[in-house]
Amino acid sequence: AKFDEKLKELLNVAKKKNSVVLVGLIGEGQEINTGEEAGIGQWNTAVQASGLDWEVCCPSHISLFFEKPTIADELNLSASLRSKSALQLPKWINAVLDGDADTAKQIIKDNNLLKEFPIYLIQDISKANEYFFQRYENEPEKKYGLIVSAKAKNLEKYGIDNSYFATRKVSTGQWYADKKSSLFSCCSLRSCITEFAAQGLELDFPIMCWGDDFIRENGKWELKVGSKTQKDPYKIRKNSYRVLLSRGREGMFIFVPNEPKMSETYDFLKKCLGKN
């Protein structure tokens with residue numbers, strides 16, 4: 001079913017009760033599925049279509065999406081639990097995806113972000129494995145692994161098989177929870193997951209693999225793999241990378257293949273990290 005139809009079904013549960021309190025945890029910029037492009041406004045559409053007398057309580061910055069809401073700014077979850085030491089990381093990610101390298105660089109500088117939350121830009125993925133061996137040698141509970149856009153087409157030759165059939169075989173539970181010694185563990189670096197399995201979950205130190213589906217060309221982000229079924233494929237792909245860039249608790253690697261078509265992307269990210 002379409003996303004807005006699912007919301008209507010959720011709200012219709014109230015028809016069987018005298019009163020219902022529904023708490024929705026809504027992540028901004030997290031629309032990655034077909035049909036979600038309209039964003040938060042779809043909640044209001046579902047509320048109006050339900051025919052029920054809902055009282056909507058929300059923070060002021062999203063109140064414009066609803067009709068006569070009750071403003072409650074204490075509902076704005078502004079503190080990050082995923083990255084306790086990097087509260088400025090979401091702002092840095094926004095600047096990167098908005099194509100604003102100068103702002104991204106300034107966020108790094110002003111907040112000493114890389115000291116608290118190291119971000120390593122690499123073109124040789126073996127460097128990540130060497131790092132994990134040294135950093136987490138005596139911490140077997142730590143988790144790291146490969147996360148990648150579902151639409152990237154140039155990563156299989158680097159041992160990163162994000163094809164539909166390969167990722168479908170991955171057991172998400174085992175991937176996140178198995179011990180390092182397990183072949184099915186994320187730490188084995190034998191398999192990867194995409195934004196769909198990563199959304200809402202996290203690793204201590206992910207290897208975020210940048211693919212050829214969303215790259216820098218002529219000074220701007222370009223969508224290289226679209227979908228005829230999506231109203232706004234650019235927004236969906238941009239948000240997919242937002243999800244992938246925000247999965248780390250202690251830091252992350254960003255792997256960009258050393259290919260001519262990826263060179264501008266690599267240089268841009270390097271600038272965003274204050275490396276040039």
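Let's shift gears to the packing of helix H3 (residues 89–97) against helix H4 (residues 101–111). Interaxial distance between H3 and H4 falls to 8 Å at its minimum, and their mutual angle equals 160°. By the angle class used here, H3 and H4 are roughly antiparallel. Handedness of the crossing formed by H3 with H4: left-handed. Counted together, Lys-91, Trp-92, Ala-95 and Val-96 of H3 and Thr-103, Ala-104, Ile-107 and Ile-108 of H4 form the full contact between these two elements.

We now examine the nonpolar core. A general trend in soluble globular proteins is that nonpolar side chains are found buried together. Grouped together as the largest cluster of nonpolar side chains are 57 residues, with contacts concentrated most on Trp-92, Ile-207, Trp-210 and Ile-254. Among the elements that take part in this core, H3 stands out by supplying 6 residues, more than any other. Among residues more than four places away in sequence, those in contact with Ile-254 are Trp-92, Ile-119, Tyr-120, Leu-121, Ile-122, Met-208, Trp-210, Leu-245 and Leu-269. Membership of the second largest hydrophobic core comes to 10 residues, among which are Val-47, Cys-58, Ile-62 and Phe-66.

Quantified by volume, the second largest pocket comes out at close to 280 Å³. Considering the residues around the second largest pocket, the lining is formed by 16 residues, among which Ala-166, Lys-169, Val-170, Arg-190 and Ser-191 are closest to the centre. Sorting the residues of the lining of the second largest pocket by element identifies helix H7 (164–169) and helix H8 (172–177) as the ones contributing at least two each. Looking at the lining of the second largest pocket residue by residue, the classes come out as 8 nonpolar, 5 polar and 3 charged.

Under the definition given, this model contains 13 salt bridges. Salt-bridge contacts for Lys-157 lead to Glu-259; the nearest nitrogen and oxygen are separated by 3.4 Å. With a gap of 102 residues between them, Lys-157 in the loop between strand E4 (146–148) and H7 and Glu-259 in the loop between strand E9 (252–255) and helix H11 (263–272) connect regions that are remote in the sequence. A relative accessible area of 61% places Lys-157 in the exposed class.

Let's shift gears to the pairing of strand E8 (residues 220–223). Summarising the sheet, strand E7 (residues 214–217) and E8 pair through 4 bridges and their orientation is antiparallel. In the strand pairing of E8, Phe-214 is matched with Leu-223. Once E7 ends, the chain turns through 2 residues before running back antiparallel as E8, passing Asn-218 with a positive phi of about 55°.

What follows concerns unusual backbone geometry. Not every positive phi belongs to a glycine, and Lys-68 is a case in point at roughly 50°. Inspection of the secondary structure assignment puts Lys-68 in the loop between strand E1 (57–58) and strand E2 (70–71). Phi at Asn-218 takes a positive value of approximately 55°, unusual for a residue other than glycine.

With that settled, the discussion passes to the state of the cysteines. For the structure on display, the rule yields 0 disulfides. Of all cysteine sulfurs, the one in Cys-58 lies closest to Cys-57, which takes part in no disulfide; the gap is 7.7 Å.

Under the definition given, this model contains 21 aromatic pairs. Consider the rings of Tyr-164 and Phe-165, whose centres lie 5.4 Å apart with planes at 75°: the pair is edge-to-face. For the pair shown, Tyr-164 and Phe-165 are each scored as exposed. Taken together, Tyr-120, Tyr-131, Phe-132, Tyr-136, Tyr-144, Phe-205 and Phe-253 form an aromatic cluster joined through their ring pairs. Here the basic side chain of Arg-216 rests over the ring of Trp-221, its NZ or CZ set 5.0 Å away from the ring centre. The ring of Phe-268 has Arg-216 sitting right over it, with the charged end atom 4.0 Å from the ring centre.

This brings us to the packing of H3 against helix H10 (residues 233–245). Contact geometry of H3 with H10 gives a least axis separation of 10 Å together with a crossing angle of 145°. Here H3 runs over H10; the crossing is right-handed. Residue-level inspection shows Leu-89, Ile-93, Asn-94 and Leu-97 of H3 in contact with H10, the latter providing Lys-238, Tyr-241, Arg-242 and Leu-245. A breakdown of the residues in the contact of H3 with H10 according to their chemical character gives 5 nonpolar, 1 polar and 2 charged.

This part is about the environment of Asn-239. Looking at the secondary structure, you find Asn-239 in helix H10. In this structure the C-alpha to C-alpha distance between Asn-239 and Glu-195, which are 44 residues apart in sequence, comes to 9.4 Å.

About the cut-offs
Residues numbered from 1 in each chain as written. Predicted model: local features only at pLDDT ≥ 70, side-chain atom pairs only at ≥ 80, totals over all residues. Heavy atoms only, no water. Axes fitted to C-alpha atoms, helices over the stretch in contact; angles between N-to-C directions. Helix = DSSP H or I, 4+ residues; strand = E, 2+ residues; numbered from the N terminus. Parallel < 35°, antiparallel > 145°, perpendicular 65-115°, else oblique. Left-handed = near helix turned anticlockwise from the far one by under 90°. Contact = heavy atoms within 4.5 Å. Core = buried A, V, L, I, M, F, W, Y, C linked by side-chain atoms within 4.5 Å. Buried < 20%, exposed > 50% of the residue type's maximum accessible area, 1.4 Å probe, protein only. 1 Å grid on protein atoms, 1.4 Å probe; cavity = no way out; pocket = protein on both sides within 12 Å on 5 of 7 lines; lining within 4 Å. Points joined across faces, edges and corners; volume = space filled by probe spheres on them. Nonpolar A, V, L, I, M, F, W, Y, C, P; charged D, E, K, R; others polar. Salt bridge = Lys/Arg side-chain N within 4 Å of Asp/Glu carboxyl O. Pairing = 2+ DSSP bridges. Disulfide = S-S within 2.5 Å. Phe/Tyr/Trp six-rings, centres within 6.5 Å; stacked < 30°, edge-to-face > 60°. Lys NZ or Arg CZ within 6 Å of the ring centre and 35° of its normal.

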